Amino acid sequence: MHPVLPLADLGPRIVIFGPSNAGKSTLAEALSQNLDIPAVHLDQLHHTPNTDWVPRPKDEFHALQRAAIAGEAWVMDGNYSELVDERLARATGAIVLDDNHWVRLGRYFNRTLFQRYRPGALAGNKDSLKWSMIHWVTFASRHHGARYRQMVERTALPLVFCGSMGEVKALYQHWGLTGR
């Protein structure tokens, strides 16, 4: 595992980046509980509740994110590249998760088919398997973990990077997190 900073070094506004199904929302919930600060799941802000992941109008999503990052303390998971700079400008620390795309694809099938509740799910839980998501996880987002890591490394933010689920599990143990 890469050297891990003390959790306190990340400050009160933590962003979590990484490719789909890398564990961002689950980690955000664990950090939220541990730090007693709100978890903000960008997928929930980007998509309309009680739908099968229908996006909101862009201006509505942007306004919701801007309102969320204005808070004094939060842990926020999600990517949405067009708004990353705004998030990074308010963040006090960053975590980047990555894992093998085949492992992430397995997580996608498991969460979509078998999990009745999962952190970051939309209200109404109307999730279904989508070929577009299978393609996204398997091919289109394969190198996004490295991309997000490089993006954060260009800032002065404290950064924690986990390159596998094993490293994420070790992070939970190191920081005394529960919820996995």
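About the criteria used
Along each chain, numbering runs from 1 in the same order as the chain's sequence is written. Where totals are concerned, whole chains, interfaces and linings use all residues; where local detail is concerned, this predicted model gives features only for residues with pLDDT of at least 70, and gives and counts side-chain atom pairs only at 80 or more. In computing side-chain values, all of the structure's heavy atoms are included and hydrogens and water are not. What counts as a helix is a DSSP run of H or I of at least four residues, what counts as a strand is a run of E of at least two, and both are numbered from the N terminus. This radius of gyration counts C-alpha atoms alone. The globule rule is 2.2 Å times how many residues there are, raised to the power 0.38. The rule is simple: take the accessible area with a 1.4 Å probe, protein chains only, and divide by the maximum for that residue type; under 20% is buried, over 50% is exposed, in between is partly exposed. Think of a 1 Å grid over the protein atoms and nothing else: a 1.4 Å probe that fits but is trapped marks a cavity, an open set flanked by protein within 12 Å on at least five of seven lines marks a pocket, and residues with an atom within 4 Å of a point count as lining. Grid points are joined across faces, edges and corners, and a volume is the space filled by probe spheres set on the points. The residue classification treats Ala, Val, Leu, Ile, Met, Phe, Trp, Tyr, Cys and Pro as nonpolar and Asp, Glu, Lys and Arg as charged. All others, Gly included, are polar.

Next up on the list: the overall build of the protein. Along its length, the protein carries eight helices and five strands. The helix and strand sequence of the protein, counted from the amino end, reads β-α-β-α-α-β-α-β-α-α-α-β-α. Taking 16 Å as the expected radius of gyration for a compact globule of 180 residues, we find that the protein reaches 15 Å, a close match to that expectation. Dimensions of the protein along its principal axes, counting C-alpha atoms only, are 40 × 35 × 30 Å. Classification of the 180 residues of the protein by burial places 48% in the buried group.

Roughly 1,000 Å³ of volume is contained in the largest pocket. Lining the largest pocket are 38 residues, with S20, N21, D43, R111 and M133 sitting closest to its centre. When contributions to the lining of the largest pocket are tallied by element, the ones reaching two or more residues are helix 1 (24–35), helix 5 (101–113), helix 6 (131–140) and helix 7 (144–153). A per-class count over the lining of the largest pocket returns 11 nonpolar, 16 polar and 11 charged.

Let us look at unusual backbone geometry. Positioned with a positive phi, N21 is a non-glycine residue whose angle comes to about 70°. Tracing the backbone through its elements, the reader meets N21 in the loop between strand 1 (13–17) and helix 1. Unlike most non-glycine residues, Y80 shows phi in positive territory, near 45°. Counting through the fold element by element, Y80 comes out in the loop between strand 3 (74–77) and helix 4 (84–90).

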